[in-house]
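The primary structure of each chain is shown beneath.
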Amino acid sequence: MISLSFEHLPPSEVGNLIYFALITERIPMIPKFLSDHIDPSAPPFVFGEVFDVPRLSRAVGIHLLQWHKVKDPESQVLDNLGCWTILETVQQHIEIPEPRRNVSWTGTPAWVELTSPSMHHNHASFWSLAPLGFPETGSKSLELPLTNRPSPQHRVSLPPDDHVLYFDFLYYISAHHTWEWDTDYSPAWRFVGQHILPMRMPRRAMNEPTPPFSQQCEEFPVDQCFAPLSVIARRVSEVQEELCARKGIDAMHVIMTSDERDPEWWSDVGALGHPAFIDAIIQSNGAGFVGTSGSTMSTLANRRVQSRNDGATQSIRWGWPGADDH
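Right, let's walk through the structure included here.

**Digging into the pattern of salt bridges**
This structure, assessed with the given rule, holds 9 salt bridges. A salt bridge links Lys71 to Asp79; the shortest N-O distance between them is 2.5 Å. By relative accessible area, Asp79 is classed as partly exposed at 33%. With its nearest N and O atoms 3.3 Å apart, the salt bridge here joins Arg246 to Asp310. With Arg246 in helix α9 (residues 229-247) and Asp310 in the loop between α12 (296-309) and β11 (312-316), the pair connects residues that are 64 residues apart, well separated along the chain.

**A word on the packing of aromatic side chains**
To describe a pair of aromatic rings, one takes the distance between the centres and the angle between the planes. All told, the structure shown has 11 aromatic pairs when counted by the stated rule. Taking 5.1 Å as the distance between ring centres and 85 degrees as the angle between the ring planes, the aromatic pair formed by Tyr171 and Tyr172 counts as edge-to-face. Note on Tyr171: relative accessible area 21%, which makes it partly exposed. The class of Tyr172 is buried, set by a relative accessible area of 15%. Ring centres of Trp181 and Trp189 lie 5.9 Å apart, and the angle between their planes is 70 degrees; this geometry places the pair in the edge-to-face category. Joined through ring pairs, the aromatic side chains of Phe169, Tyr171, Tyr172 and Trp179 make up one cluster.

**Section: the side chain of Ser151**
Structurally, Ser151 can be placed in the loop between β7 (148-149) and β8 (164-167). Ser151 gets classed as buried once you look at its relative accessible area, which sits at 0%. Not counting chain neighbours up to four residues away, the residues in contact with Ser151 comprise Asn102, Val103, Ser104 and Val156.

**Examining helix α3 (residues 53-60)**
Among the residues of α3, those classed as buried are Val53, Leu56, Ser57 and Val60. Buried residues in α3, looked at end-on, bunch into an arc of 100 degrees, giving them a common side. By the N-cap criterion, in which a side-chain oxygen at the helix start approaches the backbone nitrogen of a residue two or three places on, α3 is capped by Asp52, the distance to Arg55 being 3.1 Å. Gly61 sits one or two residues past α3 and shows a positive phi near 85 degrees.

**Regarding the nonpolar core**
Judged by nonpolar contacts, the single largest core of 34 residues is most densely connected at Ile18, Phe20, Phe47, Ile86, Leu129 and Phe167. For this core, the elements supplying multiple residues, two or more each, are α1 (11-24), α2 (47-50), α3, α5 (126-129), β8 and α7 (187-191). Among the elements that make up this core, the one with the highest residue count is α1 (6 residues). For Ile86, the residues in contact, after removing those within four places along its chain, are Gln91, Thr108, Ala124, Leu129, Phe167, Asp168, Phe169, Leu170 and Ile173. Within the second largest apolar cluster, 7 residues are counted, among which are Ile232, Val236, Val254 and Met256.

The rules behind the values
Each chain has its residues counted from 1, running along the sequence as written. With the structure being a predicted model, the display of local features is reserved for residues of pLDDT at least 70 and the display and counting of side-chain atom pairs for 80 or more, all residues being used for whole-chain, interface and lining totals. Hydrogens and waters are ignored; side-chain quantities use all the structure's heavy atoms. Every case where a carboxyl oxygen of Asp or Glu lies within 4 Å of a side-chain nitrogen of Lys or Arg is listed as a salt bridge. When a residue's accessible area, from a 1.4 Å probe over protein chains only, is under 20% of the maximum for its type it is buried; when over 50% it is exposed; and in between it is partly exposed. Under the DSSP-based scheme used, a helix requires at least four consecutive residues in state H or I and a strand at least two consecutive residues in state E, with every element numbered from the N terminus. Centre distance within 6.5 Å is the pairing criterion for rings of Phe, Tyr and Trp, where only the six-membered ring of Trp is used; planes under 30 degrees apart are then read as stacked, over 60 as edge-to-face, and the remainder as tilted. Whether two residues touch is decided by their heavy atoms; if any such pair falls within 4.5 Å, the residues are in contact. This arc is taken over the directions from the axis of the helix to the C-beta atoms. Residues adjacent in sequence count toward polar contacts only when both atoms are side-chain atoms; beyond that, a polar contact is any pair of N or O atoms within 3.5 Å, and within protein one must be able to donate a hydrogen and the other to accept it. Put simply, buried Ala, Val, Leu, Ile, Met, Phe, Trp, Tyr and Cys residues joined by side-chain atoms within 4.5 Å make one nonpolar core.

If you want it as structure tokens, here you go:
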């Protein structure tokens, strides 16, 4: 029995996929990474090119498959497949991505929702989705008046497959609360995420540009919406002070990473005495970390520094002038 998610997978979604496979006793099939939410022209890369899959498999206690080992990536054959769409149920405002295979989508039942429909950040629940992976409940669910859309190429309407349990998007899933990877109790992080470790430096750069947060600056201009360097410097000082007080570490070396391309901004960073490197692996191995609130990349680095190094972390709040005042 195979559990499979859509091709677009950041590390947190891989963690959700594998944790979901654990609670449904299935084998996760891990697709390639795509950056189509940032740069549609960027080529995908194989999960095992960057992360230590054998070590991860031993840590979680189940076999892990990678999609390119199941089907030839160069194959032009379109497989007809019936799948569940979570986005259509919990994130109606997000357009369902076009799959790279001939998929017929069936909407998940409304009871998979973790949060009230009136909330902005709607999520699905791990344990509400899990019954769909078992024959009896999965079959009964199909007796409900669920939406079904035929596949785009062959125009066939199929129920979700029993053998390959396929979902469109496993990003908006939690056990108890939305954006759960920010919490220390997150089961997807504790049982899976902390074991997703890099095997070696990838052939391509690990760093991924930050999503366009400027689009969320609706009421204020960007220079007032984003935290100034003085706020970043204060958060760095707080991490340094905690490391010194709690662990006796004099953290004098600060690595600053960003996708900012303004040379004047980087000049100001240099004036603070922080050298600039762009490398997610370096971020995760520090004694401390200062990240951006709402950033998946920062959330992962926070969790890794705390879990692996017992490090000190801070998140910079932003969105309006003085957002990080404290």
